[in-house]
Amino acid sequence: MLEQNFQQDVINIQNISIVPKLLDVISQTTGMGFVAVARVTEDRWITCSVLDNVEFGLKPTDELQVKTTICDDIRKNYRPVIIDNVNEDDEFRNHHTPAMYHFQSYISMPIMRLDGSFFGTLCAIDPKPNNLKTFKVREMFSLFAELISFHINAIEKVVESKISLEQKSNLLAKTEIEKLEIEKIKLNIEKKLIEKNISLEKMNNELEAFNYISSHDLQEPLRKIQLFTDIIERDEAKNLSEKGIMAFDKIRTSANRMQNLINDLLLYSKTKFDERKFELKDLTSIANDVIEDLTIEVENKNVEFKIENLGTLHVIEFQFRQLLYNLISNSLKFSIPDKKLIITITSKIINSAELDHLLFLPNTKYCKITVADNGIGFDPSHNEKIFGLFQALHTKPTKSTGIGLTIVKRIVENHKGFIKAEGVLNEGAKFDIFIPTE
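Residues numbered from 1 in each chain as written. Predicted model: local features only at pLDDT ≥ 70, side-chain atom pairs only at ≥ 80, totals over all residues. Heavy atoms only, no water.

Engineer: If you had to explain helix H11 (residues 404-414) to someone new, which residues and values would you point to?
Structural biologist: In an α-helix there are 3.6 residues to a turn, and that puts residues three or four apart on one side. Every buried residue belonging to H11 is among Leu405, Val408, Ile411, Val412 and Asn414, and all of these are buried. Positioned one or two residues after H11, Lys416 has a phi angle of 60°, which is positive. (Buried < 20%, exposed > 50% of the residue type's maximum accessible area, 1.4 Å probe, protein only. Helix = DSSP H or I, 4+ residues; strand = E, 2+ residues; numbered from the N terminus.)

Printed below as a string of structure tokens:
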């Protein structure tokens, strides 16, 4: 018999209605015969939910000795493990786990609770080799692990509420009035649960449609801007001053850039993960193009750009352009009045062995890109918080939505990298971006 806390973990996973569908999608997409969600601790490995098309023989609540599993390694370092073919994998060719459980291909992604603690793994094995080291498969596993984590958090909060409610019920059961109050609380919780489930289901359905719909809603006013600009320039050009003509040229350039951005967003929202186009690009050229796009913002500021030769890197160009655009426009937005703003952009190649950080992949070279300024900066205690959604840390009036740095972080993650922020109030801000060179 499992201890009560592990039984509850298994029940919680089985109460997430989408988990069997996720396991089936993984099997259908990757061809892996055995897919499972496992609860993993220092001394336990327990199956919570399983899809077994290869007769591996495990069902929910079954256990393996945790030291015989690769999941034990994942528990220690929080990193996914992907093996296309054990016989060709230098790290796992002689590992005891594939030999013991007779598999050739393997993938496992850590499931982290929202508080940062380790819950277990979303894993799959198959007796034959498979093609798993693709961006599409990795992103699918990462997304599904995050989705399971989200539901675990919601269910555990419900369980905690029920336990708390039961404790209150035991204390208040002495009188009929107290019992009625308990029933009222129960009904309220059940109502909130129903509303929460409806909200979660609606959110899941709307996630895919969000980018597509929002992008199309932007198209109509943009078309009108372009149409009326063309009409005025065509019919009223002779009445316009040279300054007016230049202004209309700026409008057309900005509208065209917005049109290209919308087209890229539409392409991004509809394109499969493994169809995103990584190309070798000159980063200095991209940075200069971004500064050119920000001409109007720069005109009224005393600003100096110091840009080294940033070299070349395989990037998704429109995403990386947006990354630099957001960082540079932030520096312009949060400059110190009456002080010359200096924005510095540098780049260098480093080896992961040079720095001690959990997110570095071993034996991997990274391109470290640094964007720094001498603006108003921010409190160092916000070094991590600054990347949260809608986190606008400054009280000065701006048009900032607080989403710019969240987008930056997501773009860096799309490039299999990570980003660090450092700020000092009234001295400036620095962002270090690390992207694998291969």
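Right, picking up where we left off after that structure.
Engineer: How would you sum up empty space enclosed by the protein? Please name residues and give values.
Structural biologist: Considering all chains together, one arrives at one cavity of 30 Å³ or more under this definition. For the largest cavity, the calculated volume is near 120 Å³. Counting residues per element, the ones that place at least two in the lining of the largest cavity are helix H4 (96-101) and strand E6 (118-126). (1 Å grid on protein atoms, 1.4 Å probe; cavity = no way out; pocket = protein on both sides within 12 Å on 5 of 7 lines; lining within 4 Å. Points joined across faces, edges and corners; volume = space filled by probe spheres on them.)

Engineer: Quick one: what's the story with the nonpolar core, residue by residue and with numbers?
Structural biologist: In this structure, Leu283 and Phe431 are the most contacted members of the largest nonpolar core, which totals 37 residues. Only helix H8 (283-293), strand E9 (312-315), helix H10 (317-333), strand E10 (341-351), strand E11 (365-373), H11, strand E12 (418-424) and strand E13 (428-436) provide two or more residues apiece to this core. Ranked by the residues each element gives to this core, the list is headed by H10, at seven residues. Setting aside chain neighbours within four positions, we find Leu283 in contact with Leu310, Gly311, Leu313, Val315, Phe320, Cys367 and Ile369. (Core = buried A, V, L, I, M, F, W, Y, C linked by side-chain atoms within 4.5 Å. Contact = heavy atoms within 4.5 Å.)

Engineer: Before we move on, can you summarise the sheet that holds strand E1 (residues 34-40) with the specific residues and values?
Structural biologist: Overall, antiparallel pairing links the six strands, which are arranged E3-E2-E1-E6-E5-E4 in an open sheet. At either margin of the open sheet sits one strand with a lone partner, and together these are strand E3 (63-64) and strand E4 (81-83). Across two bridges, the pairing between strand E2 (residues 45-52) and E3 is antiparallel. Note that in E3 the partner of Trp45 across the bridge is Leu64. In this fold helix H1 (residues 4-14) packs onto E1, E2 and E6, with an angle of close to 25° to the strand it touches most, E2. (Pairing = 2+ DSSP bridges. Axes fitted to C-alpha atoms, helices over the stretch in contact; angles between N-to-C directions.)

Engineer: Go over the packing of H10 against H11, please, and point to the residues and values.
Structural biologist: Interhelical geometry of H10 versus H11 gives an angle of 145° and a closest axis separation of 9 Å. As for the relative orientation of H10 and H11, their crossing is left-handed in sense. Residues Gln319, Phe320, Gln322, Leu323, Asn326, Leu327 and Asn330 of H10 touch H11, and the partners they reach there are Gly404, Leu405, Ile407, Val408, Ile411, Val412 and Asn414. (Left-handed = near helix turned anticlockwise from the far one by under 90°.)

Engineer: If you had to explain the sheet that holds E13 to someone new, which residues and values would you point to?
Structural biologist: Spatially, five strands are ordered E8-E10-E11-E13-E12 in an open sheet, and the strand pairing comes out mixed. Across the chains shown, the open sheet's two edge strands, defined by having one partner strand only, are strand E8 (303-307) and E12. Taking the axes of each pair of neighbouring strands and ignoring which way they run, one obtains an average angle of 15° across the sheet. The pairing of E12 with E13 spans seven bridges and is antiparallel. By the bridge assignment for E13, Val424 is matched with Gly428. Here H8 sits on the sheet in contact with E8, E10 and E11, set at roughly 170° to E8. Running over the sheet, H10 touches E8, E10, E11 and E13 and is turned about 140° from E10.

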